[in-house]
Amino acid sequence: QAQLEQSGGGSVQAGGSLRLSCSVRPRHLGWHAVGWFRQVPGEAREFVAAITYPNRNTYYDTTVEGRFTVSRDNAKNTVYLQMDTLKPEDTSDYLCALSTSPPFSRSTQDYVSWGQGTRVTVSS
């Protein structure tokens, strides 16, 4: 089973930027998509963005489209989430996850391996 290791996150003021990283091991094992989700304690986990393999299609939730960018570095086997123009409502725990079967899905049930999560805090 794939292992996902996250890095990045932290605290920033509104309008600032952060970048999250998600490294997947072993390399390219049955990738279909890597997704980013976020979850506020006590609330449901929600889809943020995703990128598919190998065609690099990207998908975004409407709340982050135009502000967040998901990308992939094949050489490093790493997926990134660049978060710009952050808002206080973006404050959450962010998790990356691996889907191994098409079609693309925004549902957590279709993702089989998860990163450990990283906290993002945006102050006003």
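Note that the structure is a prediction, hence the values are computed from the model and not measured.

Caption draft 1: Broad picture of the sheet that holds strand 1 (residues 3–8). Read across the open sheet, the four strands follow the order 1-3-8-7; overall the sheet is antiparallel. Looking along the sheet, the strands with just one partner apiece sit at the ends: strand 1 and strand 7 (68–73). On average, adjacent strands in this sheet sit at an angle of 20° to one another, irrespective of strand direction. Note that strand 3 (residues 18–25) and strand 8 (residues 78–83) share six bridges and pair antiparallel. Directly across from Leu 18, in strand 8, lies its bridge partner Met 83.

Caption draft 2: Seen up close, the environment of Ile 51. You can see Ile 51 is positioned in strand 5 (residues 46–52). For the pair Ile 51 and Val 34, spaced 17 residues apart in sequence, the C-alpha separation works out to 5.6 Å. Excluding residues within four positions of it along the chain, Ile 51 makes contact with His 32, Ala 33, Val 34, Arg 56, Asn 57, Thr 58, Val 70, Ser 71, Arg 72 and Val 79.

The rules behind the values
Residues numbered from 1 in each chain as written. Predicted model: local features only at pLDDT ≥ 70, side-chain atom pairs only at ≥ 80, totals over all residues. Heavy atoms only, no water. Pairing = 2+ DSSP bridges. Helix = DSSP H or I, 4+ residues; strand = E, 2+ residues; numbered from the N terminus. Axes fitted to C-alpha atoms, helices over the stretch in contact; angles between N-to-C directions. Contact = heavy atoms within 4.5 Å.

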